[in-house]
Amino acid sequence: MRQVFRVLAYVVAAGVVVQAAVIVYAVAGMGLYIDDGGVMDQAAMEQVFAGEEVFPEQTGMLLHGMTGMMVLPVIALLTFVASFFAGVRGAWRWGLAILLLVALQVVLGIGGHSMPFLGGLHGVNALLLFGVALYTGWRVAARGRAVREAPAAAAPGLAADGVAP
């Protein structure tokens, strides 16, 4: 279960990278659309969110919204659940941190449509989430290596898994 927890943490980090890529793809496409004389107003945005094509790269917006509000929260919840069975001391804290950062990310993303400064916090929180998820995966992998390399009897000052507390 340790491997499942580690992989899920890395999947969350990869999901943040995908989220950044698809939204930049959409914004760049929207910029080209405007440069070519297109107009982005409320009517155009309603067309985008209704699934009508205004510019080809608009799928990035839809993917960003669906992945961020449906896929990543489920993966974060699975990561949190797996943390209880990972066999790594304190894993549940890191799983909870990932879950809470994803929940905050959703709130900031939705709130950014009403208050633009929350959109800026959405970006900052994404970087924090990426770092925490990556560190969590790395930390679990390091604990696994320490357990495999631990001597039969733990040295004084080391936990039972061979890693200093």
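Preceding block: the structure.
Summarised in this report is the structure supplied together with it. Along each chain, residue indices are assigned from 1 in the same order as the chain's sequence is written. Selection of residues for local features in this predicted model requires a pLDDT of at least 70, selection of side-chain atom pairs for listing and counting requires 80 or more, and totals for whole chains, interfaces and linings are taken over all residues. As a convention, hydrogens and water are excluded, and side-chain values are obtained from all of the structure's heavy atoms.

1. Describing the overall build of the protein
Thought 1: Starting at the N terminus, helices and strands are each numbered in turn, a helix being any DSSP run of H or I of at least four residues and a strand any DSSP run of E of at least two. Of the regular secondary structure elements, the protein holds five helices and zero strands.
Thought 2: Reading the protein from its N end, one meets helices and strands in the order α-α-α-α-α.
Thought 3: Summary of the burial criterion: residues with accessible area below 20% of their type's maximum are buried, those above 50% are exposed, and those between are partly exposed, where the area comes from a 1.4 Å probe applied to protein chains only. Counting only residues that meet the buried cut, the protein has 37% of its 165 residues in that class.
Thought 4: Throughout, a contact is declared for two residues whenever any of their heavy atoms are within 4.5 Å. For the protein, long-range pairs separated by at least 24 residues make up 64% of all intrachain contacts whose partners lie at least 6 apart in sequence.
Thought 5: The method behind every accessible area is Shrake-Rupley, applied with a 1.4 Å probe, and residues are considered shielded solely by the protein chains displayed. In the structure as shown, the protein presents an accessible area of about 9400 Å², 72% of it carried by carbon and sulfur atoms.

2. So, helix H4 (residues 91–111)
Thought 1: Working rule for helices: expected span equals 1.5 Å times residues minus one. Here H4 is 21 residues long and its end C-alpha atoms lie 30 Å apart, about the 30 Å a rise of 1.5 Å per residue gives.
Thought 2: Along H4, the residues that are buried comprise Ala91, Gly95, Ile98, Leu99, Leu101, Val102, Gln105, Leu108 and Gly111.

3. A closer look at the environment of Gly38
Thought 1: Within the secondary structure layout, Gly38 lies in the loop between helix H1 (2–35) and helix H2 (42–49).
Thought 2: Taking the C-alpha atoms as reference, Gly38 lies 8.8 Å from Val54; in sequence the two are 16 residues apart.

4. As for a nonpolar patch on the surface
Thought 1: Exposure above 30% relative accessible area and no salt bridge define the residues that can form patches, which grow by joining like charges within 9 Å and nonpolar side chains of Val, Leu, Ile, Met, Phe, Trp and Tyr within 5 Å. One speaks of a salt bridge when a side-chain nitrogen belonging to Lys or Arg is within 4 Å of a carboxyl oxygen belonging to Asp or Glu. Residues Met1, Val4, Leu77, Val81, Phe84, Phe85 and Trp92 make up a contiguous nonpolar surface patch of about 690 Å² in total accessible area.
Thought 2: When you line up the elements, Phe85 lands in the loop between helix H3 (59–83) and H4.
Thought 3: Assessed through its relative accessible area of 54%, Phe85 is described here as exposed.

5. Considerations on the packing of aromatic side chains
Thought 1: Any Phe, Tyr or Trp ring, taking Trp's six-membered ring, that has another such ring centre within 6.5 Å forms a pair; planes under 30 degrees apart are called stacked, those over 60 apart edge-to-face, and the others tilted. Under the criterion given, the structure shown has four aromatic pairs.
Thought 2: Pairing Tyr135 with Trp138 gives two aromatic rings, centres 5.5 Å apart and planes at 35°, and the pair type is tilted. With Tyr135 and Trp138 both in helix H5 (residues 116–149) and three residues apart, this pair spans about one turn of that helix.
Thought 3: Taking the relative accessible area as the measure of exposure, Trp138 reaches 46% and is therefore partly exposed.
Thought 4: Through a chain of ring-to-ring contacts, three or more aromatic side chains come together here, namely Trp94, Tyr135 and Trp138.

6. Observations concerning the nonpolar core
Thought 1: Core analysis: the largest hydrophobic core is formed by 23 residues, its most contacted members being Phe5, Val12, Ile98 and Leu129.
Thought 2: Secondary-structure elements contributing two or more residues to this core are H1, H3, H4 and H5.
Thought 3: If you tally residues by element for this core, the top one is H1, at six residues.
Thought 4: Those residues within four positions of Ile98 in sequence are excluded, and the remaining contacts are Ala9, Val12, Ala76, Thr79, Leu129, Val132, Ala133 and Thr136.
Thought 5: Residues belong to a common nonpolar core when they are buried Ala, Val, Leu, Ile, Met, Phe, Trp, Tyr or Cys residues joined through side-chain atoms within 4.5 Å. Residues Ala26, Met30, Phe55 and Met61 belong to the second largest nonpolar core, which totals seven residues.

7. Topic: the packing of H3 against H4
Thought 1: Axes here refer to lines fitted to C-alpha atoms; in helices the fit is confined to the stretch in contact. Angles between the N-to-C directions go from 0 to 180 degrees. As a packed pair, H3 and H4 sit with axes 7 Å apart at the nearest point and diverge in direction by 165°. Taken together, H3 and H4 sit at an angle that is classed as roughly antiparallel. As for how H3 packs across H4, the hand of that crossing is left-handed. For the pair H3 and H4, the contacting residues are Gly68, Met69, Leu72, Pro73, Ala76, Leu77, Thr79, Phe80 and Ser83 in the first and Ala91, Trp92, Gly95, Leu96, Ile98, Leu99, Val102, Val106 and Ile110 in the second.
Thought 2: Of the residues belonging to the contact of H3 with H4, the class tally is 14 nonpolar, four polar and no charged. For this classification, under 35 degrees means roughly parallel, over 145 means roughly antiparallel, 65 to 115 means roughly perpendicular, and everything else is oblique. Crossings are assigned a handedness: left-handed for a near helix turned anticlockwise from the far helix by less than a right angle, right-handed for a clockwise turn. Note that Gly is not counted as nonpolar here; it falls among the polar residues with everything else outside the nonpolar set of Ala, Val, Leu, Ile, Met, Phe, Trp, Tyr, Cys and Pro and the charged set of Asp, Glu, Lys and Arg.

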